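A closer look at the structure
So you can see what is in the structure, the chains are spelled out below.
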Amino acid sequence: MSQTEGGALRVAVLGKGAREAGLARRIAEEIGADAVVVVPGNAGTPGSTGPLGEGAALAAALRAREVGLVVIGPEALLAAGVADQLRAAGFAVVGPGAQGALLEGSKAYCKAFLLRHQIPTAAVVEVRSPADDAAAFATFPGPAVAKYDGLAEGKGVVVCDDPDQLRAALADLRARFGASAHVLIEERLTGPELSVFLLVADGAYVELPEARDHKRLLEGDQGPNTGGMGAISPVLAADDPLRARIRAEIIAPTVRGLAADGLPFRGFLFIGLMLTPAGPKVLEFNTRLGDPEAQVILPRIEGALVPLLAGCAQGALPVGAVRTSPRHVAGVVIARDGYPSAAIEAAPLLPTVSVRGAHLVVGSAVVDPAGVVRLPGGRALTAVGVGDSAAAARHRAYRLAGEVVEQAPAAFQLRPDVGRRPRLAVFASGGGSNLRAITAACAAGALRGLAEVGLVVSDRPRCGAVEWSRAAGLEVWAERRLPDAGAEWEAQAAAAVEAAGCDLVVLAGFMRVLGAAFVARFEGRIINIHPADTRQHQGLGGYEQAWERRLDETLITVHLVDGGLDTGPILAQAPVDLRGARSLDEVRTRGLAVEHALYPRTIERVLRSGSVGALTVGEE
Ligand code: GAR
C-alpha cells in the first residue's frame, strides 16, 4: 500500500455526502488532510477531487494519487460492485462486494440470512402475487409491515395498523413495482430503535459506538420519513448488559453466519435493531455507515481508526473493542426548505459560522458558474456538537445550527428535538402492568414520539416490573430500601433520575410515600396513579375496599404528588364499572384495564401542556 510522506497511508473515501465528509474529517484528524481524498466529494468538503470516472479510469486515477486504502461510503456503489472492481485492481478496500451488499440490497436475502442463522427478527410471510396474500393475512390479522424486496430509496416500507391498511399497502407496492413484486409481510415490532455498527472482516469484527437517529421530518416524530434529520451517540439504553445481549444474540451469530455462508465481507455493518419487550431484534442490515449516524459515531472513536480500516480491508482485524470516548455527540441535520418533497434553488454556503465544541459537516455543495459555493436542496449540512453530557452536545449542535439558520439568506429547516424526547422515570415495585402500558404507549400509542421511558426505579430489585424492564432493555435503577435508610435511598434514586436526564417521575405501583426532600426536588413533576378516588380512599388496597364494599363503580385517579398520602391535585379520573363483578380479581382486572388507558393519556396531556420536559433545547 502506498504511504504519504509522513509515513501514513493515503486514503480515498468514495462518495459525495455528509457521511463521506464525516469520514474524511475523522481520518484527516488522524493522518493529516493531505493524506485523504474524497471522490468525488462536494464543494464544501476539503480534499474533494470531483468526478474521477468509473472502473479502470477510477482505479488509474486513484493510483495516480497514490491511494492505498479505499473506503466506500454509499450503498449504491457497493451494490454496483465497485468494491469488487477496486479489489481486483489491487486496492485494499473497506466495503463489501456486490454479493455482501445484498444483505442491504435485498430484504428477502437479508431475511433468509437472519432465519438461517437463528438471529432474532420479525416473523415473515413472503408474497409474489395476490394469490399468496391469504396466507399473510391469516398470519398477521393485526398490525403488520409490508416491505418491497429491492432498493427503493427509502420508499419501499409501509407500516400498517390493520388488514385494510395492509391491503392498501400491497396494492400501492404492486402499482409501483409490478404485479409480481416480491414483498415481505412482517410482524410489526414495537420498542425503541437502536443502531449498532461494526467493522467486519472475514469472521472477525470490532464494535463501534452505537447511535439513534431521527427519521421523521418533524418534531415529535411526525411528518414524512426522511434520510435522517439528526442522530445521537451514545444511546442511554445501550448499557453494558444490553450490549452483551446484543453481542451474544445478534452480532456474534451474524459474523459467524457470514463466515459459515462463505460470504466475503470486509466493511462496515450497520445493524438496525428494535428493542422489543421480547429482546433486541434485527430490523435491517446496512452494509455501510449511515448519514447522519456516521457524523455522530466517528467523533467517539478514540485512538487510531486508520489502522483499523486498513486491517479490515486486509482481513486482519484486531479482535476486541474499539476505544470509545465517553463524550456525547449530537448531530442536527440542516435541510433546505421543501425537503424531502421539492427541489429548491441552491443557497450560498456560509463560510464564517463557528461555535466551540461544534463543527459543520457539508452534505452537499456545488460551485456555481460565478464561483460561489452553494448548497442545493436536500440535507445540506449537519451541525455536530460534542460535550460531556447529552445536553451539552445537543446545546452546542443547536447553537451552531442556529447560527447557520439565522445568517442564511435562504430558508432551512431542522428538527428542534434531536436527542430530546421527554424522558419518564417510572417508579414501580409490583407486577409492572402500568409500566408495560406506558412503554407500549411510547412505542405505538398516545406517547409515540412524545416521550420515552428513560429509567425504571424500584425498591424491590426482583419484582416483576424490574425483571420485565431488564428483558426489554430499559435502563433500571433498583436498590433495596433498607429500614431507616429511606432518605438515603430517595437521595440516590433522585440522583439516578437526574443522571438519566428524566423530566417526569411517574409512580406506577410504587407503594411508598416519597419524602419531602424528594418531592421538593421534582416539584410539580411527580405523578401517581391510584386505584380509587383519592378524596375517598388513600393508601393501599384501593381494589380491596371497592370489593369489600361491593361498590358499583370506583374512580381511578391520576394526581400530582405532594408531600401527603395521595393528597395532591387531581389531574384525571376515569370510572370503572364494577357492576356484576364476582371476585376481587375481576375488580382488579377491570380497574387495571382503565388504568392502562388513563395513565398514558394523562401523561400525554401533562407533556403537551409544556409544564415538564420542554421539547426544545437550551440547557447546558
Ligand atoms: C395499580 O393498581 C396501581 O394503581 C396501584 O398499584 C397497582 C400496580 O400495578 N397503586 C397504588 O395502589 C398506589 N397507592 P402494576 O404495577 O402491575 O401496574
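Since the model is a prediction, treat every value here as computed from it, not as a measurement.

1. Focus: the overall build of the protein
- Each helix and strand counted, the protein has 18 helices and 29 strands in total.
- The principal-axis extent of the C-alpha atoms belonging to the protein is close to 90 × 60 × 45 Å.
- Considering the protein as a whole, with its 620 residues, one finds that 55% of them fall into the buried category.
- Counting contacts in the protein only where the partners sit at least 6 residues apart, residues at least 24 apart contribute 68% of the total.
- Here the protein has roughly 25,300 Å² of accessible surface; of this, 53% comes from carbon and sulfur atoms.
- The centroid of the 62 positive side-chain charges in the protein is displaced by 1 Å from the centroid of its 68 negative side-chain charges.

2. Some remarks on the nonpolar core
- In terms of nonpolar packing, the biggest core is built from 43 residues, with Leu69, Val94, Leu199, Phe268, Leu289, Leu309 and Leu317 touching the most fellow members.
- Element by element, the count of residues in this core is highest for helix 11 (residues 306-314), at 6 residues.
- Setting aside chain neighbours within four positions, we find Leu289 in contact with Arg19, Leu23, Phe197, Phe268, Phe270, Ala294, Ile297 and Leu298.
- Counting 40 residues, the second largest nonpolar core, distinct from the first, contains Leu474, Val558, Tyr599 and Leu607.

3. Quick notes on the site of the ligand
- As a matter of local geometry, the ligand sits amid 14 residues, with Gly432, Ser433, Asn434, Met511 and Glu595 nearest to it.
- In this structure, Gly432 approaches the ligand through a main-chain N or O atom, which is 3.1 Å from an oxygen atom.
- Between the ligand and His530, the relevant distance is 3.2 Å, taken from a nitrogen atom to a side-chain nitrogen or oxygen of the residue.
- Notes on the ligand: free accessible area 450 Å², of which the protein chains cover 88%.

4. Some words on the packing of aromatic side chains
- According to the stated counting rule, one finds 8 aromatic pairs in the structure shown.
- Note on Phe427 and Phe510: the rings are 5.3 Å apart at their centroids and 85° apart in plane angle, and the pair reads as edge-to-face. Residue Phe427 is found in strand 23 (residues 423-427), and its partner Phe510 is found in the loop between strand 26 (504-507) and helix 16 (516-521); the two are separated by 83 residues along the sequence. Like Phe427, the residue Phe510 is buried in the burial classification.
- Taken together, the aromatic side chains of Phe427, Trp477, Trp489, Phe510, Phe518 and Phe522 make up a single cluster linked through ring pairs.
- Geometry around Trp547 places Arg550 over its ring, the cationic atom sitting 3.7 Å from the centre.

5. Focus on the pairing of strand 8 (residues 183-187)
- Burial of strand 8 is extensive: 4 of the 5 residues sit out of reach of the surface.
- Pairing geometry for strand 5 (residues 124-127) and strand 8, over 4 bridges, is antiparallel. Considered in strand 8, the bridge of Glu126 is made with Leu184.
- Examined bridge by bridge, strand 6 (residues 144-148) and strand 8 share 5 bridges and lie antiparallel to one another. Considered in strand 8, the bridge of Lys147 is made with Leu184.

6. Brief notes about the sheet that holds strand 3 (residues 69-72)
- Taken together, the 4 strands give an open sheet; going across it, the order is 2-1-3-4, and neighbouring strands pair in parallel fashion. At either end of the open sheet lies a strand with only one pairing partner, and these are strand 2 (36-40) and strand 4 (92-94). Neighbouring strand axes in the sheet, compared pairwise and without regard to direction, differ in orientation by 25° on average.
- Strand direction decides the pairing type here: strand 3 and strand 4, joined by 3 bridges, are parallel. Each residue of the ladder has a partner; that of Leu69, found in strand 4, is Ala92.
- Here helix 1 (residues 18-31) sits on the sheet and contacts strand 1 (11-15), strand 2 and strand 3; the angle it forms with strand 1, its principal contact strand, is near 170°.

7. Here's the deal with unusual backbone geometry
- In this chain, Ser233 is followed by Pro234 through a cis amide linkage whose omega measures 0°.
- Residue placement: Pro234 occurs in the loop between strand 13 (230-233) and helix 9 (240-260).
- Residue Pro292 is reached from Asp291 by a cis peptide bond, and omega for that bond is 20°.
- Residue position: Pro292 is located in the loop between strand 15 (279-286) and helix 10 (293-297).
- Of note, the phi angle at Glu66 is positive, near 60°, even though the residue is not glycine.
- If you trace the backbone, Glu66 turns up in the loop between helix 2 (55-64) and strand 3.
- Notably, Asp202 is not glycine yet its phi reads approximately 50°, a positive angle.

8. Comments concerning helix 8 (residues 163-177)
- Between its terminal C-alpha atoms helix 8 stretches 21 Å, which fits the 21 Å expected from 15 residues at 1.5 Å a residue.
- Of the surrounding elements, those touching the buried residues of helix 8 are strand 5, helix 7 (133-139), strand 6, strand 7 (157-160) and strand 8.
- For helix 8, the N-terminal capping position is held by Asp162, with its side-chain oxygen 3.1 Å away from the main-chain nitrogen of Asp164.
- Remark: Gly178 follows helix 8 within two positions and exhibits a positive phi of approximately 105°.

9. Looking at the side chain of Asp503
- By the secondary structure assignment, Asp503 is in the loop between helix 15 (486-499) and strand 26.
- Judged by its relative accessible area of 9%, Asp503 is buried.

10. Topic: the layout of surface pockets
- Considered as a void within the structure, the second largest pocket measures approximately 710 Å³ in volume.
- What lines the second largest pocket is a set of 36 residues, among which Gly509, Phe510, Met511, Ile529 and Pro531 lie closest to the centre.
- Put simply, the parts of the chain that give the lining of the second largest pocket at least two residues each are helix 13 (433-444), strand 27 (526-530), helix 17 (542-548) and helix 18 (584-608).
- For the lining of the second largest pocket, the element with the most residues is helix 13, which contributes 4 residues.
- In terms of residue class, the lining of the second largest pocket is built from 15 nonpolar, 14 polar and 7 charged.

What counts and how
Residues numbered from 1 in each chain as written. Predicted model: local features only at pLDDT ≥ 70, side-chain atom pairs only at ≥ 80, totals over all residues. Heavy atoms only, no water. Helix = DSSP H or I, 4+ residues; strand = E, 2+ residues; numbered from the N terminus. Buried < 20%, exposed > 50% of the residue type's maximum accessible area, 1.4 Å probe, protein only. Contact = heavy atoms within 4.5 Å. Areas by Shrake-Rupley, 256 points an atom, 1.4 Å probe, with all protein chains shown as cover. Lys, Arg positive; Asp, Glu negative; His and termini not counted. Charge placed at Lys NZ, Arg CZ, Asp CG, Glu CD. Core = buried A, V, L, I, M, F, W, Y, C linked by side-chain atoms within 4.5 Å. Near = heavy atom within 4 Å. Polar contact = N/O pair within 3.5 Å; in protein donor to acceptor, adjacent residues only side chain to side chain. Phe/Tyr/Trp six-rings, centres within 6.5 Å; stacked < 30°, edge-to-face > 60°. Lys NZ or Arg CZ within 6 Å of the ring centre and 35° of its normal. Pairing = 2+ DSSP bridges. Axes fitted to C-alpha atoms, helices over the stretch in contact; angles between N-to-C directions. Expected span 1.5 Å × (residues − 1). 1 Å grid on protein atoms, 1.4 Å probe; cavity = no way out; pocket = protein on both sides within 12 Å on 5 of 7 lines; lining within 4 Å. Points joined across faces, edges and corners; volume = space filled by probe spheres on them. Nonpolar A, V, L, I, M, F, W, Y, C, P; charged D, E, K, R; others polar.

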